[in-house]
Structure formats: C-alpha cells, structure tokens
Amino acid sequence: MTAPPPTITRPIVTPLRKRRSLALFVTPAVVAVIVIGVVLWINAQDFTAPGRAPEGRALDFGDLLSQFGQHAYLVGVSTVVVVIISIPLGILLSRKSAGRLGDAVLSIGGFLQALPPFGVIILMAFSPLGFGAGSAIVALVIASFLPVLTNTVVGLRAVEPSYIEAARGMGMSAGMTLRLVELPLAVPVMVAGIRVALVLNVGTATLATYIGAGGLGTPILSMLKLGRADAAFAVAALVTALALFVDWLAAVVERLVRGSSA
Amino acid sequence: MSETSEITTSDDTAAGRPMIALEGVSKTYPGQERPAVEELEFEVPEGKIVMLIGPSGCGKTTTLKMMNRLIEPTTGRIILDGDDVTSVNADQLRRRIGYVIQQVGLFPHMSIGENIGMVPKMLGWERQRIATRVDELLHLVGMEPGEYRDRYPRQLSGGQQQRVGVARGLAADPPVMLMDEPFGAIDPITRDRLQDEFLEVQRQVAKTICFVTHDLTEAVKLGDRIAIFGTGGRLRQYDTPDEILTNPADEFVAQFVGGGAAVRRLSLLDIARLKLDEVVVSATDSPAGNHPVLALDDAGKPDRWLHVPGTTEAPPLVTVPFTGTVYDAVDVMLDSRAPLVLVLGDDGAPRGALRWDAMVGDLRARGNA
C-alpha cells in the first residue's frame, strides 16, 4: 500500500466522539424550544392590524407546513443523490489503482464547491432543467457533494495498511476486504461528511425559492421584501431548527451504524 | 577428551517430505533493475520451522509473501503440498495458509472471537464449530476464552494481541503457517515468553512454518533450519542452526553470525544430551572415590555439597533442570561461581552433576572436530 499522497490527508470534518453523547440529548431540546418559541410568537401577532395582512398570509401555518415539506424534499433528495454519487466515486478514487487521480478529482471538487451556491442556483434555472425543484436539486448536489467525497476517500485511505494486509493474507478477496474491513473502519469519517452535506443543504435550500422551487426560503424572501425583519428572523429560526434536527438525526444513525459494526 | 561426558550432535537431516518447495524462484519488481530475490532453490520439510533471516532488503519478506502469492514471482515455481501455488485461486490458497504479521492486524471493529473465527467463517464452517474452535485456540495460546472471546483488540496488550494473531493464523488448522516477524515489535521480556509459548504450541500442532526474522538469537532458538539471505536476494546458506553457527558457508554468513557464535551454540545443546558425573548421596562427609557427595535435607531435597573432588571447601549448591540447555548450566555456574552444577530430573531428584572443566574440555574438542 502506498502512503496517502500528502495533499489531502485529513477529512474535512472529523467525527465528534466525546461531545456527541451530550449533544444527543441537548439538540432535540433546543429544536423544541426554537419551534415552540416561533409558534408562540406567531400566535401572539395581530395580523388583522392595518398593513400586516401580507405578513399574516406568509406566516400561515398551513403554508409554512407545505413549505417545510418542500424544503425537506429538496434536502432529502439532494443528499440521497450526493450519497449515491459520492460514495461509489470515493471508493473508486481511494483504490490503489486510481493513483493520484483521486487528488485531481478532489481538487476539481474543491473548485466546484467554491462556486457560490446562490450563483449556481440562478445559473441552473437557465440550464435545460429550467426553473423548479430539478434545478435546485442539481445545484444543491454541486454545493454539497465534496464533503462526502473527500471523507469517503480520506476515510478509506486512512485504514491502516496492516489491516488490509491481514485481510488479504487470510484469503479475503478485494471485495470482501472492502466490505468487511475497509468500509466499516471508514464509516465514522464518511458519516461525518454526510452530516456536513445535510446541514449545508438545509441552509442552501432556502435559496431555491429564487427559481420557484419553494421551501422555507419563500416566506423569508417575502418578509425581507416587505422589510419585516422580525418575521424573516422567525422563519430563519425554523430553518436553523431543521438543520439542527437533521444533524441530530444523522448522529443517531451514525451511532446505530457504528454500534452494529464496532 | 573426557570419559565423563559426551556431546552428541543433533540430527535434523532426517526431515519429512517437503511441504513447500521453491524451484528457481526470482522476483524483480517493476521499474527495478536488480532482482529482489534471485534464483531461490530450497525446500521446507513438513512439520519443521524454517527461519528466513538476513539484512534489510535481502528479500526474506518478499520470499515469504511469494509463498501465499501476496507477491507473484517473476520466474520459477513454488510448490505447496504438491501443487503449484499459481495453479489455484489466490484467495482460496491463502485460506489454507496461516498468516501472521508483525503489526498483528487484528480487525479493531471485530471481537477477538470474530477475528479468530474469520477464516473458518469464510470456509463455511457452522457457527457452533467455529465457536468451539475459537475457544480451543484461545486455550492453546494461554488465554481464558470466557474472559477474552468477546473483548476487542484495543483492550489487549501487545503480547496478548500477537497471541491472538497466532491463534487467528491457526484457526482453520492450515498445514502451513507463514509468519513475518511476529514478535519483532514486542518488548524483549514478553518476546522471550512468546517464543517459549510458540515452541510449546508448535510441539502440539506440528505445522510447517516459515518464519521471517532479523534476530539471530530468535532464529537459533526457534528454527529447525535457518535460511540466511545475503543482499541482492541470494540464499547464502540453508542448514540447521548448529551447522550454520559451527560451519558458516562463506565470509558473509560468518560475518552475519558474528563473534558470539560459540556462546549461541550453547543454547542449542540440551543437557539431556550430555553424559553427567555420577553423584553420591550421603549423610556423612566421607570421600566417595572420585564422585561429588551430596547431602539431602529432611524433605529429601538436595541441600548442599558435602565433598567435591579437587576442592578443599565445598562450593555452593546450584541446580539446573535436566530439560535445560548447556547455556542455562553455564549461566548458573558463572552466576554463583560454582565449578559444578547439580542436574535435577522432572521429579526433583538428582540426575548427576555437570563439571565446568569437563564441559569446557568437551566444547573445545567439539569445536575442533
């Protein structure tokens, strides 16, 4: 096994081992406090006052719920696509036969991620995909595939060569070595990358409203147009709560995966 | 020269059929001009331990890895148990060969039991049979199955990990074991104990073993035969440890074996192979001809010398087990400055005495022979 090339030796994010067990209980509580707080605040508003009707329409619970659904859909689909693309690609690039190709692809990925998501989303609307959820999902994938790809490559490269030598030496095929030894050992690093992608996507998906893909960005945008900073802030808080919740969910999954493999 | 003792030669030439045979094996790595291993030609007899030793870069590890095809030879053939290794699927081949490496390589996400049971599982054994085998092997390497089976590698010391490594190599009861410096990264005291345990295990399982080391003491201690590699991947000498220490084939081997050869050889000579002086057990300080006189204590154990021929004052009593080596005998005599040592049988009864002057005379006679 050749030593990993020096350019990329560390994952973008490292799994949080110690802080996690505490966060596992604190996060749901914080999320609940934010959501309840926003709901109470909205209920306390008097939208029948003159000039506040648009605000009332934007903060309608039914609309918020459907926008939340759109948001979750954008995040969910784009993250699944990222995982489906990045993990197999990362596995291929981490093979010894891929040589330095892995570094080249990761560099290109770094360039793609450096593109501002806002610009990418707007540009996608002028692609054949046009306005709507399809373009938004492609833009989200471009914005968030790199952490998953990098962490897959780095996590697999970081598996000690002696484990692989022992596995091959006892008669495991290359595929069995990957499945039984390399992937289980790389899972914590890979899942950390997926968590970053999820949280990035929750934030970036607020921009999808600019190309008519809906999501929680819609009420934020309209409140900003009306100059209602407090209402925009309330919806932004909901987005934050969603990001925290998604990250927490991923942490729970990570713990379950690790529990079954270690 | 002496009429009191006689040193017999070890006879390992009566070896079994060859289990592994290398026929004109060479390996040249891509992009390199000089071969890592050149024209290797030797046989490993069934049930014997062959130590591969030599300076860094001599090709000893390459040779080992060609035997289970982790490295493919450039030319030549390797015959394992009658079959050319290249004629079978490499993965299938390796499941029939135990493999133990210096870094141990226990899988950190699997328990000790799962690690040991991996190869049997790949071979399709039933769960119950695997579980029984795991416990059996843990016993064999001196670890209590109930205590260790469900632990994880990181909870074990380095020495314990390598015991498990050896157990994992033995799991499917392969006829051949390949070991790449398995005790190389372990502290000297633990290493010594692991070597003793390893020999004890080998007495029970009698595998054909190829063992790479860079430690001559280890090679002499464990090997039935030693293959000394020179730089450039050539086999310089392949013989019993005794023969290599006594008659190095060339200047390179002599240099490699070094100045300590005579002392190293002492550890190859079992006391059991020497003829011992007769010891007279007596209650009184009466000279008994030319024999040393020993007094017993109330429990019937040797207590002290009453009279030793050639001395005026009786020397301190030191003992060595009958199963020990001449090295042990010399060690205790030097340590207590005694001119002789009492040899005890397994039951603790005196078997005879070994005298310093007679022994040195014998060794000199043997060295000249």
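Residues numbered from 1 in each chain as written. Chains lettered and ligands numbered in written order. Predicted model: local features only at pLDDT ≥ 70, side-chain atom pairs only at ≥ 80, totals over all residues.

Let's shift gears to the overall build of chain B. On a plain count of helices and strands, chain B comes out with 14 helices and 16 strands. For chain B, the spread of C-alpha atoms along the three principal axes comes to 75 × 50 × 35 Å. Relative to its full complement of 369 residues, chain B shows a buried share of 40%. Considering only intrachain contacts with a sequence separation of at least 6, the fraction spanning at least 24 residues in chain B is 61%. (Helix = DSSP H or I, 4+ residues; strand = E, 2+ residues; numbered from the N terminus. Buried ≥ 20, exposed ≤ 12 C-beta atoms within 10 Å, placed from the backbone. Contact = placed C-beta atoms within 7 Å.)

With that settled, consider the overall build of chain A. From N to C terminus, chain A includes 10 helices and 0 strands. Ordered by position from the N terminus, the helices and strands of chain A form the series α-α-α-α-α-α-α-α-α-α. Sorting the 262 residues of chain A into buried and exposed places 40% on the buried side. For chain A, the share of sequence-separated contacts (at least 6 apart) that also reach a separation of at least 24 residues comes to 79%.

Residues and elements named next belong to chain B. In this model, Asp-81 sits at a positive phi of 50°, which is unusual for a non-glycine residue. One can find Asp-81 in the loop between strand S4 (75-80) and strand S5 (83-84). Located in the positive-phi region is Arg-337, a residue other than glycine, with phi close to 50°. Along the chain, Arg-337 falls in the loop between helix H13 (326-336) and strand S15 (340-344).

Another point: the domain arrangement of chain B. Domain boundaries in chain B define domain 1 (18-266) and domain 2 (271-368). Once you take the C-alpha centre of each, domain 1 of chain B and domain 2 of chain B turn out to be 39 Å apart. (Domains from an automatic or database assignment.)

What follows covers the nonpolar core. For soluble globular proteins, the rule of thumb is that nonpolar side chains tend to be buried together. Residue and element names in this part refer to chain B. Of all hydrophobic cores here, the largest spans 133 residues; its most connected members are Met-51, Leu-52, Cys-210 and Phe-211. The residues touching Cys-210, leaving out its near neighbours within four places in the chain, are Ile-20, Val-44, Val-50, Leu-52, Leu-64, Met-67 and Leu-178. Core analysis: the next-biggest nonpolar cluster, separate from the first, contains 22 residues, Leu-294, Trp-305, Ala-329 and Val-341 among them. (Core = buried A, V, L, I, M, F, W, Y, C linked by C-beta atoms within 7 Å.)

All names here are of chain B. Pairing is mixed across the open sheet formed by 3 strands, whose spatial order is S11-S12-S13. Each edge of the open sheet carries a strand with a single partner, namely strand S11 (280-281) and strand S13 (302-307). Looking at chain direction, S11 and strand S12 (residues 293-296) are connected through 2 bridges and run parallel. Paired with Val-280 across the strands is Val-293, a residue of S12. (Pairing = 2+ DSSP bridges.)

Another point: the confidence of the model for chain B. Mean pLDDT for chain B: 87, with 92% of residues reaching 70 or above. Low pLDDT, under 50, characterises residues 1-14 of chain B; the stretch is placed with 26 contacts to residues that sit more than four places away or in other chains. (pLDDT = per-residue confidence, 0-100.)

Chain A puts 15 residues into the contact, and the matching count from chain B is 15 residues. Going through the elements one at a time, helix H7 (161-169) and helix H8 (174-204) of chain A are the ones with two or more residues in the side of chain A that touches chain B. The biggest single contributor to the side of chain A that touches chain B is H7(A), with 6 residues. A per-class count over the side of chain A that touches chain B returns 8 nonpolar, 5 polar and 2 charged. (Nonpolar A, V, L, I, M, F, W, Y, C, P; charged D, E, K, R; others polar.)

Attention now moves to the packing of helix H3 (residues 61-94) of chain A against helix H6 (residues 133-157) of chain A. Residues and elements named next belong to chain A. Where H3 contacts H6, the axes come no closer than 7 Å and their chain directions differ by 35°. For the element pair H3 and H6, the recorded crossing hand is right-handed. For the contact of H3 with H6, the per-class residue count stands at 20 nonpolar, 6 polar and 1 charged. (Axes fitted to C-alpha atoms, helices over the stretch in contact; angles between N-to-C directions. Left-handed = near helix turned anticlockwise from the far one by under 90°.)

Attention shifts here to the pairing of S4(B). Residue and element names in this part refer to chain B. Note: strand S1 (residues 18-27) against S4, 5 bridges, orientation antiparallel. Bridge pairing in S4 places Leu-22 opposite Ile-78. Sheet topology note: the S4/S5 ladder contains 2 bridges and is antiparallel. Residue pairing in the sheet places Leu-80 in a bridge with Asp-83 of S5. As consecutive antiparallel partners, S4 and S5 are separated by 2 residues, and within that stretch Asp-81 has a phi angle of approximately 50°, a positive value.

All names here are of chain B. Judged by how many residues are buried, strand S16 (residues 350-355) sits mostly within the fold: 5 of 6 residues are covered. Bridge analysis of S15 against S16 gives 5 bridges, and the strand direction is antiparallel. Bridged to Leu-340 within S16 is Arg-355. Connecting S15 to the next strand, S16, in antiparallel fashion are 5 residues, including Gly-348 with a positive phi near 85°.

Given a rise of 1.5 Å per residue, 14 residues ought to cover 20 Å, and the 20 Å separating the end C-alpha atoms of helix H4 (residues 101-114) of chain A matches this to within 8%. Considering only its buried residues, H4(A) is in contact with H3 and H6 of chain A. (Expected span 1.5 Å × (residues − 1).)

The next point concerns helix H5 (residues 117-125) of chain A. All names here are of chain A. Within H5, burial applies to Pro-117, Val-120, Ile-121 and Met-124. For H5, the angular spread of the buried residues around the axis is 100°, confining them to a single face. The inward-facing, buried residues of H5 abut H6 and H8. (Arc of directions from axis to C-beta.)

The relative placement of two packed helices comes down to the angle between their axes together with the axis-to-axis distance. Residues and elements named next belong to chain B. Taken N-terminus to C-terminus, the directions of helix H7 (residues 158-170) and helix H8 (residues 188-205) make an angle of 20°; their axes are 11 Å apart at the nearest point. Regarding the angle of H7 to H8, the classification is roughly parallel. Note on packing geometry: the crossing formed by H7 with H8 is right-handed. Of the residues in H8, those touching H7 at Gly-159, Gln-162, Val-166 and Leu-170 are Thr-190, Leu-194, Phe-198 and Val-205. Broken down by class, the residue content of the contact of H7 with H8 amounts to 5 nonpolar, 3 polar and no charged. (Parallel < 35°, antiparallel > 145°, perpendicular 65-115°, else oblique.)

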